[in-house]
Amino acid sequence: MPTVLPDDLTIRQLRELYSRGEVTPMDAADDALRRVEAEPELRAFAHVRADEARDEARAATARLARGEPLGPLDGVPVAVKSMVALAGLPQDAGSRVLQGRLAGRDATLVGALKQAGAVIVGTTTMDEFALTTLGPARNPFDRTRTAGGSSGGSAVAVQAGMCFAAVGTDTGGSVRIPAACCAVVGLKPTYGLVPTDGIVPLAWSLDHAGPIGRTAADVAATLDVLLSGTGTTPLTAGLGGVRLGVPSEEYLSVTDPHLLADFRAALAAAADAGAEIVGVELPDQERVKAVHWPVLSAEMAAYHLRRFGTAEDRYRPPMKDGIAAGATVTTEEYLTAQRGRPALRAEVDRVLGRVDAIVLPTLAIDPPEMGRTVVKLGGRPEDAVAAMVRLTSLANHTGHPAVSVPPGTAPKGRPAGIQLIGRHYDEHRLLSIAGGLEALS
């Protein structure tokens, strides 16, 4: 009989099973691959490397039997987004433009995963070149809805037990948004902290790479591996004495009422657990939006027009339209938007001088139905992608680390995510607070 692992097993718990000899990395790899094969309708994986994963699991099983583990991810099934170079596998970034292109070498972060002994199941599905947040992965809670994007496949794979951690990228929220849509944990680290070489870019000055996992501790362990190839920093979760900055009612007014109610319930429980709730002012959302789209679209258009031309017969409509729009951004408009970013960063820094983390909902709306491009936000119609990044894109422009975590108070069986923004290079403190939120009851 094949070994069937519990759906909510964490990396730490898996490693404990390994240490007791109750489960081997071969068992874990077989279980992950079985789940991938059993649920193709979730559209989580773009390319599966079953033979290579089993070879890696076999080697990890032998290492663990000798008592020579390489680190906290040794023998642990993981996945990476399909815009990340994994030698020998297609690096198509979800696009027909790159169809058939094989990665000739590993991205730096893939090398770190391999150095740590991780079992890489394959590459996950994504929106074309990471532009939108609407597919193709299906939401595991409601398969008529999106799993978020553009790292939706990575979040679905973690939620569905197809891997224990996955790497995504985040240019406007594309790690945190699918994490919230799938009720897992997703971290966008400080800008530049995790290497992005070997990753197809969307917008160079906004792109981040970061881990997705089932718990804050799993994300912390994966982050350590991405940074050093080994994991050494234990995570101590807790909210006692933590100062949480909460934006004004006006700032949160666009959030759907039931999501806002969930957010307030989590804040009340955090206060009961010893956190201090402090009112703060964040940069206006419309002002962030006015900076975000010129920077993103201009950088995207510059990259694609220089390398691929218009490729009009191969790009899908959102990407084709985005490149066309980006090509119309003038130098003055781009530089004006870039000049606005230091002011945003300074305002957030001032807030973080008073609090340990800023806390706000990850999403202002529920995951839209598949194919829906316009939603209601604050009672008005808005582009679905713009609505989904409304509360997340600020941290891409300021470069602060930000994490989405499902709080322990969230209703079970549906999407949930609270976003925390922390000080630059203070990821472990931020994840400790996230761990406190997920432990709420």
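Residues numbered from 1 in each chain as written. Predicted model: local features only at pLDDT ≥ 70, side-chain atom pairs only at ≥ 80, totals over all residues. Heavy atoms only, no water.

### Section: the packing of helix α10 (residues 285-308) against helix α11 (residues 317-327)
Logical step 1: With their axes 7 Å apart at the nearest point, α10 and α11 run at an angle of 105 degrees to one another. Here α11 runs roughly perpendicular to α10, going by the angle between their axes. Where α10 approaches α11, its residues Ser297, Ala298, Met300, Ala301, His304 and Leu305 are matched on the opposing element by Met319, Gly322, Ile323, Gly326 and Ala327. (Axes fitted to C-alpha atoms, helices over the stretch in contact; angles between N-to-C directions. Helix = DSSP H or I, 4+ residues; strand = E, 2+ residues; numbered from the N terminus. Parallel < 35°, antiparallel > 145°, perpendicular 65-115°, else oblique. Contact = heavy atoms within 4.5 Å.)

### Here's the deal with the nonpolar core
Logical step 1: In this structure, Leu14, Leu109, Leu113, Leu244, Ile358 and Leu420 are the most contacted members of the largest nonpolar core, which totals 119 residues.
Logical step 2: A per-element tally of this core places α10 first, with 8 residues.
Logical step 3: Other than its neighbours up to four places away in sequence, Leu14 contacts Leu5, Leu9, Val23, Ala28, Val76, Pro77 and Phe164.
Logical step 4: With 23 residues, the next largest nonpolar core counts Ala79, Ala155, Ala166 and Cys182 among its residues. (Core = buried A, V, L, I, M, F, W, Y, C linked by side-chain atoms within 4.5 Å. Buried < 20%, exposed > 50% of the residue type's maximum accessible area, 1.4 Å probe, protein only.)

### Section: the sheet that holds strand β4 (residues 165-170)
Logical step 1: A sheet is described by the order of its strands in space; here 11 strands give the open sequence β1-β3-β2-β4-β6-β5-β12-β13-β9-β7-β8, paired in mixed fashion. Only two strands of the sheet have a single partner each, and these edge strands are β1 (45-48) and β8 (276-280). Taken pair by pair, the neighbouring strands of this sheet meet at an average axis angle of 30 degrees, ignoring direction.
Logical step 2: Note: strand β9 (residues 357-361) against strand β13 (residues 418-421), 4 bridges, orientation antiparallel. Within β13, the position partnered with Ile358 by the bridge is Ile421.
Logical step 3: Running over the sheet, helix α5 (residues 152-159) touches β1, β2 (77-81), β3 (119-124), β4 and β6 (208-213) and is turned about 160 degrees from β4. (Pairing = 2+ DSSP bridges.)

### Brief notes about helix α2 (residues 25-38)
Logical step 1: Look at α2: 20 Å from first C-alpha to last across 14 residues, which is about the 20 Å you get at 1.5 Å a residue.
Logical step 2: Among the residues making up α2, those that are buried are Pro25, Met26, Ala28, Ala29, Asp31, Ala32, Leu33, Arg35 and Val36.
Logical step 3: Structurally, α2 contributes buried residues whose contacts are with α1 (11-20), β1, α3 (50-65), β2 and β3. (Expected span 1.5 Å × (residues − 1).)

Shape is all these values report; function is a separate question.
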